[in-house]
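Coordinate analysis (summary)
Read off the chains here:
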Amino acid sequence: MNYSLRQLRVFVTVAQARSFSRAGERIGLSQSAVSHSVKELETQTGVKLLDRTTREVVLTEAGQQLATRLERLLDELNSTLRDVGRLGQQLSGTVRVAASQTISAHLIPQCIAESNQRYPDIDFVLHDRPQQWVLESIRQGDVDFGIVIDPGPVSDLECEVVLSEPFLLLCRDDDPLAMLPQVDWHALEGANLVLQDYASGSRPLIDAALIEMGVRATIVQEIGHPATLFPMVQAGIGISVLPALALPLPQGSRLTVKRFVPCIERQLMLVRRKNRSLSGAANACWEVVRMQAHRLMEARTRDPLFSAADNQI
């Protein structure tokens with residue numbers, strides 16, 4: 001038997017009002033529509049539920065029993081739906097977010113601070129891990145969402161670009177390249193490079209850029225933590241390619257960064273499991289990250305490194 005929730009609600013309203021017309025007024029249906037709905041329910045149950053007279057509607061014994069039980073069930077259903085609605089809008093609880101080290105160090109702190117101010121009942125918990133760990137933790141549902149460098153085609157994840165930023169040359173201030181207003185990729189030909197290893201989402205993009213430009217360089221050191229690039233280059237071990245998010249440079253260092261030409265960018269993406277809805281709290285944190293990334297993009301439009309030929313820091 002196929003009963004609709006609408007039929008059951010109409011029947012209970014008729015049972016309470018003891019009138020088709022009064023029931024119709026309560027629920028916004030015509031008298032004939034109410035009568036037709038009850039007749040359909042009687043046909044489907046095979047039981048007479050109402051005795052109709054010219055003056056009133058009287059419940060049969062079966063109708064009285066059904067109405068009593070349905071009132072309780074519909075009240076419980078309404079209560080359950082209200083609770084679910086409140087849960088979906090609830091801005092409290094723990095939200096787990098995963099991001100790689102550079103993103104964690106230079107974007108997420110502002111996101112956590114903003115979230116704490118806006119939503120004091122939400123615990124924004126950061127998992128600082130390599131990119132592949134971040135992607136896998138999203139797939140496994142260990143975190144609500146993540147922020148990663150463009151992972152390429154992924155059919156099981158939903159990705160949204162929130163920030164595009166250029167790769168920059170990192171070198172000592174006494175390096176000949178430091179004298180140039182901007183650096184052509186071909187200037188890296190034969191250079192000694194210190195780069196992050198393949199745990200970083202940027203490394204495949206840097207490799208692809210070198211190949212695209214036909215540049216042959218020597219990778220003399222591959223390191224895991226992005227902050228290690230600075231002392232390596234400062235010590236004269238080599239020069240480096242790093243994303244803009246790795247800035248600022250350490251205070252007091254003899255380092256500088258230069259914009260590459262042509263400009264090659266990486267994209268940062270908010271990522272979550274495909275076809276899985278975020279909780280109200282997680283969605284609020286997602287919006288905070290998106291907003292902070294947008295603010296960073298706007299701030300860069302006023303930075304000479306990103307808007308003018310003079311790229312000296």
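Read on for an overview of the structure. Note that the structure is predicted; figures quoted are calculated from it, not measured.

Let's shift gears to the overall build of the chain. Counting its regular elements, the chain contains 11 helices and 12 strands. Its C-alpha atoms give the chain a radius of gyration of 32 Å, more than 25% over the compact-globule value 20 Å for 313 residues. Across its three principal axes, the chain shows a C-alpha extent of roughly 105 × 35 × 30 Å. Within the chain, the fraction of its 313 residues that count as buried is 42%.

Attention now moves to the pairing of strand β11 (residues 255-261). Counting buried residues along β11, 6 of its 7 residues qualify, which places the element largely inside the surrounding structure. Where strand β6 (residues 157-172) and β11 come together, 5 bridges link them in antiparallel fashion. Residue pairing across strands places L169 opposite K258, the latter belonging to β11. By the bridge criterion, 2 bridges tie strand β7 (residues 183-184) to β11 in an arrangement that is parallel. Residue pairing for β11: V183 is matched across the bridge by F260.

It is worth spelling out the pattern of salt bridges at this point. Across all of its chains, the model carries 15 salt bridges by this definition. R295 is paired through a salt bridge with E114; the nearest N and O atoms lie 3.6 Å apart. Here E114 lies in helix α6 (residues 108-118) and R295 lies in helix α10 (residues 280-300), a separation of 181 residues in the sequence.

So, about the environment of V194. Positionally, V194 belongs in strand β8 (residues 192-196). V194 gets classed as buried once you look at its relative accessible area, which sits at 0%. For the pair V194 and I237, spaced 43 residues apart in sequence, the C-alpha to C-alpha distance is 7.5 Å. Filtering out sequence-adjacent residues up to four positions away, V194 remains in contact with V220, Q221, L229, M232, I237, G238, I239, S240 and V241.

Turning next to α10. Here α10 contains 21 residues, and its C-alpha end-to-end distance of 31 Å stays within 8% of the 30 Å for a straight helix at 1.5 Å per residue. Residues of α10 that are buried include every one of G280, A281, A282, A284, C285, W286, V288, V289, Q292, A293 and R300, and no others.

Moving on, we come to the side chain of S100. Topologically, S100 is positioned in the loop between β3 (93-99) and α5 (101-106). You can call S100 buried: its relative accessible area is 10%. Sequence-distant contacts of S100, that is, excluding residues within four places in its chain, are made with D128, R129, Q131, V134 and I147.

Another aspect to go through is the packing of aromatic side chains. Evaluated as defined, the whole model comprises 2 aromatic pairs. Here the aromatic rings of F145 and W286 are separated by 5.3 Å at their centres, their planes lie at 70°, and the arrangement is edge-to-face. Of this pair, F145 sits in strand β5 (residues 145-149) while W286 sits in helix α10, and the two are 141 residues apart along the sequence. Taking the relative accessible area as the measure of exposure, F145 reaches 0% and is therefore buried. On the basis of an interplanar angle of 15° and a centroid distance of 3.9 Å, the ring pair of W185 and F260 is categorised as stacked. Of this pair, W185 sits in the loop between β7 and β8 while F260 sits in strand β11, and the two are 75 residues apart along the sequence.

This part takes up the nonpolar core. If you look at soluble globular proteins, the nonpolar side chains tend to sit buried side by side. In this structure, V95, I103, F145 and I147 are the most contacted members of the largest nonpolar core, which totals 27 residues. Looking at this core, the elements that each hand over two or more residues are β3, α6, β4 (122-128), β5, β6, β12 (265-273) and α10. Counting residues per element, this core draws most heavily on α10, at 8 residues. Among all residues touching I103, those that are not within four sequence positions of it are I108, I147, V148, I149, L245 and L268. Grouped together as the second largest cluster of nonpolar side chains are 20 residues, C171, L177, L210 and F260 included.

Our next topic: the environment of M291. Topologically, M291 is positioned in helix α10. Residue classification places M291 among the partly exposed residues on the basis of a relative accessible area of 22%. C-alpha of M291 to C-alpha of E114: the two residues are 177 residues apart in sequence and 9.7 Å apart in space. Contacts of M291, omitting those with residues within four sequence positions, involve E114 and R118.

We now examine unusual backbone geometry. Across the junction of L247 and P248, the peptide omega takes the value 10°, indicating a cis bond. Along the chain, P248 turns up in the loop between β10 (240-243) and β11. Omega for the peptide link from V261 to P262 comes to -5°, which places this bond in the cis form. Mapped onto the fold, P262 is located in the loop between β11 and β12.

Moving on, we get to the side chain of S19. Within the element layout of this structure, S19 appears in the loop between α1 (5-17) and α2 (20-27). At a separation of 3.2 Å, a polar atom in the side chain of S19 contacts the main-chain amide nitrogen of R22. Setting aside anything within four residues of it in sequence, one finds S19 in contact with V14 and V57.

So, how was this worked out
- Residues numbered from 1 in each chain as written.
- Predicted model: local features only at pLDDT ≥ 70, side-chain atom pairs only at ≥ 80, totals over all residues.
- Heavy atoms only, no water.
- Helix = DSSP H or I, 4+ residues; strand = E, 2+ residues; numbered from the N terminus.
- Rg over C-alpha atoms; globule rule 2.2 N^0.38 Å.
- Buried < 20%, exposed > 50% of the residue type's maximum accessible area, 1.4 Å probe, protein only.
- Pairing = 2+ DSSP bridges.
- Salt bridge = Lys/Arg side-chain N within 4 Å of Asp/Glu carboxyl O.
- Contact = heavy atoms within 4.5 Å.
- Expected span 1.5 Å × (residues − 1).
- Phe/Tyr/Trp six-rings, centres within 6.5 Å; stacked < 30°, edge-to-face > 60°.
- Core = buried A, V, L, I, M, F, W, Y, C linked by side-chain atoms within 4.5 Å.
- Polar contact = N/O pair within 3.5 Å; in protein donor to acceptor, adjacent residues only side chain to side chain.

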